[in-house]
Amino acid sequence: MIRKLIGSSGLIVFSSPLVGETMQLNMTPGVTAISQDVFGLHMTILYICIAIGVVVFGAMFWSIFYHRKSKGAVAASFHESTKVEIIWTLIPFLILIAMAIPATKTLLAMEDPSKSDLTIQVTGSQWKWHYRYFDQEVEFYSHLATSAAQIDNQRPKRANYLLEVDYPLVVPIGKKIRFLITSQDVIHSWWVPAFAVKKDANPGFINEAWTRIDKPGIYRGQCAELCGKDHGFMPIVVIAKPQAEYDQWLQQTQASQRQAREQEQQLLAMTMPMDELMTLGEKTYNNRCAMCHQTNGKGIPGAFPALAAEGVSIDPQRRNEHIKIVVHGNTGTAMQAFGPQLSLKELAAVITYERNAWGNNTGETVQAADVAAIKNGQ
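Here's what I pulled together on the structure shown here.

**Focus: helix α2 (residues 82-110)**
Every α-helix winds through 3.6 residues per turn, so residues three or four apart in the chain are directed the same way. Look at α2: 42 Å from first C-alpha to last across 29 residues, which is about the 42 Å you get at 1.5 Å a residue. Looking only at α2, the buried set comprises Met99, Ala103, Thr106 and Met110. Elements that come into contact with the buried residues of α2 comprise α1 (33-66) and β11 (207-211).

**As for a nonpolar patch on the surface**
Nonpolar side chains collect at one region of the surface, where Ile52, Val55, Val56, Phe57, Met60, Phe61 and Ile64 lie side by side and expose about 670 Å² of accessible area between them. Overall, Phe57 belongs to the partly exposed group, its relative accessible area being 47%.

**So, the sheet that holds strand β9 (residues 188-192)**
Strand order in the open sheet formed by five strands is β7-β13-β12-β9-β10, with mixed pairing between adjacent strands. In this open sheet, the two edge strands, each paired with only one partner strand, are β7 (169-172) and β10 (197-201). Each strand of the sheet is rotated relative to its neighbour by a mean of 25°, with strand direction disregarded. For β7 and strand β13 (residues 235-241), the ladder comprises four bridges, and the chain directions are parallel. When the bridges of β13 are listed, Val171 appears paired with Ala240. Packed on one face of the sheet, helix α4 (residues 243-267) meets β7 and β13 and runs near 135° to β7.

**Describing the pairing of strand β8 (residues 177-183)**
Most of β8 sits inside the fold, with six of its seven residues counted as buried. Where strand β4 (residues 118-125) and β8 come together, seven bridges link them in parallel fashion. Bridging across to β8, Thr123 finds its partner in Thr182. One ladder, built from five bridges, connects β8 with β11; its direction is antiparallel. When the bridges of β11 are listed, Ile181 appears paired with Asn207.

**A look at helix α5 (residues 274-288)**
Helix length check: α5, at 15 residues, gives a terminal C-alpha distance of 20 Å against a target of 21 Å (1.5 Å per residue), a fit within 8%. All of the buried residues along α5 are Leu277, Met278, Gly281, Thr284 and Tyr285. Seen end-on, α5 carries its buried residues on one side only, within an arc spanning 135°. Away from the buried face of α5 by more than 90 degrees, exposed residues Asp275, Thr279 and Lys283 are located. Looking at the buried positions of α5, the neighbouring elements they touch are α6 (290-293) and α8 (344-354).

**Points about the packing of aromatic side chains**
Scanning the entire structure with this criterion turns up 14 aromatic pairs. Geometrically, the ring pair formed by Trp62 and Tyr66 is tilted, given 5.2 Å between the ring centres and 35° between the ring planes. Placement of the pair is Trp62 and Tyr66 together in helix α1, with a separation of four residues, close to one helical turn. Through pairs of rings, three or more aromatic residues link up here, namely Tyr131, Tyr133, Phe140, Tyr167, Tyr246 and Trp249. Over the ring of Phe65 we find Arg68; its NZ or CZ atom is 4.4 Å from the centre of that ring. Over the aromatic face of Tyr161 sits the side chain of Lys157, whose NZ or CZ is 5.0 Å from the ring centroid.

**Section: the pattern of salt bridges**
With the rule as written, the count across this model stands at nine salt bridges. Between Arg158 and Glu164 there is a salt bridge, with its nearest N and O atoms 3.0 Å apart. For Arg158, a relative accessible area of 44% corresponds to the partly exposed category. For Asp166, the salt bridge goes to Arg288, with nearest N and O atoms at 3.7 Å. With Asp166 in the loop between α3 (148-151) and β7 and Arg288 in helix α5, the pair connects residues that are 122 residues apart, well separated along the chain. One continuous salt-bridge network, built from bridges that share partners, spans Arg319, Arg355, Glu364 and Asp370.

**What about the sheet that holds β11?**
With mixed pairing, the five strands of this open sheet are ordered in space as β6-β5-β4-β8-β11. Every other strand in the sheet has two partners, leaving β6 (138-142) and β11 as the edge strands with one partner each. Pairwise comparison of adjacent strand axes, ignoring direction, gives a mean angle of 20° for this sheet. Looking at chain direction, β4 and strand β5 (residues 128-133) are connected through six bridges and run antiparallel. Note that in β5 the partner of Ser125 across the bridge is Lys128.

**Examining the nonpolar core**
Among the nonpolar cores identified, the biggest contains 36 residues, and Ile120, Tyr131, Tyr133, Leu169, Trp190 and Phe195 are the most heavily contacted of them. Setting aside residues up to four positions removed in sequence, Phe195 forms contacts with Val31, Thr32, Ser35, Thr211, Ile213, Tyr219 and Val238.

**Here we look at the pairing of β9**
Among the five residues of β9, five are classified as buried, and the element is accordingly described as predominantly covered. Neither face of β9 is open: one carries His188, Trp190 and Val192, the other Ser189 and Trp191, and all of them are buried. With five bridges connecting them, β9 and β10 associate as antiparallel partners. In the strand pairing of β10, Trp190 is matched with Lys199. Connecting β9 to the antiparallel partner β10 that follows it, the hairpin turn spans four residues, and Ala196 within it adopts a positive phi of roughly 55°. Relative to strand β12 (residues 217-223), β9 is paired through two bridges, and the arrangement is antiparallel. Bridge pairing in β12 links Trp191 to Gln222.

Parameters at a glance
- Residues numbered from 1 in each chain as written.
- Predicted model: local features only at pLDDT ≥ 70, side-chain atom pairs only at ≥ 80, totals over all residues.
- Heavy atoms only, no water.
- Helix = DSSP H or I, 4+ residues; strand = E, 2+ residues; numbered from the N terminus.
- Expected span 1.5 Å × (residues − 1).
- Buried < 20%, exposed > 50% of the residue type's maximum accessible area, 1.4 Å probe, protein only.
- Contact = heavy atoms within 4.5 Å.
- Patch = residues over 30% accessible without salt bridge, like charges linked within 9 Å, V, L, I, M, F, W, Y side chains within 5 Å.
- Areas by Shrake-Rupley, 256 points an atom, 1.4 Å probe, with all protein chains shown as cover.
- Salt bridge = Lys/Arg side-chain N within 4 Å of Asp/Glu carboxyl O.
- Pairing = 2+ DSSP bridges.
- Axes fitted to C-alpha atoms, helices over the stretch in contact; angles between N-to-C directions.
- Arc of directions from axis to C-beta.
- Phe/Tyr/Trp six-rings, centres within 6.5 Å; stacked < 30°, edge-to-face > 60°.
- Lys NZ or Arg CZ within 6 Å of the ring centre and 35° of its normal.
- Core = buried A, V, L, I, M, F, W, Y, C linked by side-chain atoms within 4.5 Å.

Coordinates in, geometry out; function isn't part of it.
Right, here's the structure in full:
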């Protein structure tokens, strides 16, 4: 897969799975009014640059040819001309003004998220996106859906290899959508070429962007900021639906998330068996932890610590410390807080798995109630 991606609205050279075209040598018009304005501005300035190039190089080559030494041309001797200097200063100035007026108009429109119909908070973290719909009680993480087996060339790659996620961002068409973009750890960049939206996600700051999508469809993007070793595995997928379909999706998602919260409360009174915890824990570990600590638990020396045979103790103090690190993260390191990302069941399972895999045979389980107590500061 060879491609080169340049610019906030998607200058794409060679091939680009972001827009599903091959040998595309120009920016794409996009599916929003702003993206089409950007494309029109790009083409206008391109034509101006071509015209300037033709005139300048044409005059240069004409002068070289008709005033060459073999024709007996003799260089003229003269001093500066105020009239000529005024002309060649005035003409570029007028050209720049002609370019600046539509560019300024487009830039001002791109930076005006006021009067929005829907606000979504976008938070980047290594290496996933978190979306929260304001006033809708809906939020979720969006992870790469391409499997490790495909990345390692053990299985055939799908059409949208590395540009597919488990939970895409779903939005309605014809509505002004405001994005509040930030980061949990390092600098990321939320970039969807079809919308002409590319905005940095900086930790501790909130940047704004907006879009109004005109056509239903699936639109893909990527993190456009080098954010760590898995920067290339942080795609963005946006599904734009008609309002009725979006409302239906929203209601279903709200219901399913409410049900999940209710089930978690019921889980607090349950005791899961070791085999169930280990099975779910292995799956969760491979999906969320193996990218850093490796599937064999040996980590990456100098970057991510090993978990295998590290002498994990059955001492309750060490056990609670282990839970705290997984739930709340480890400040000053790359270890994220997985408490907001995983369910109580998944957290209990993955911690149990880590404490009983690769020679860490503690023989003890961690239950949802144990995790909930740590999350609640108990």
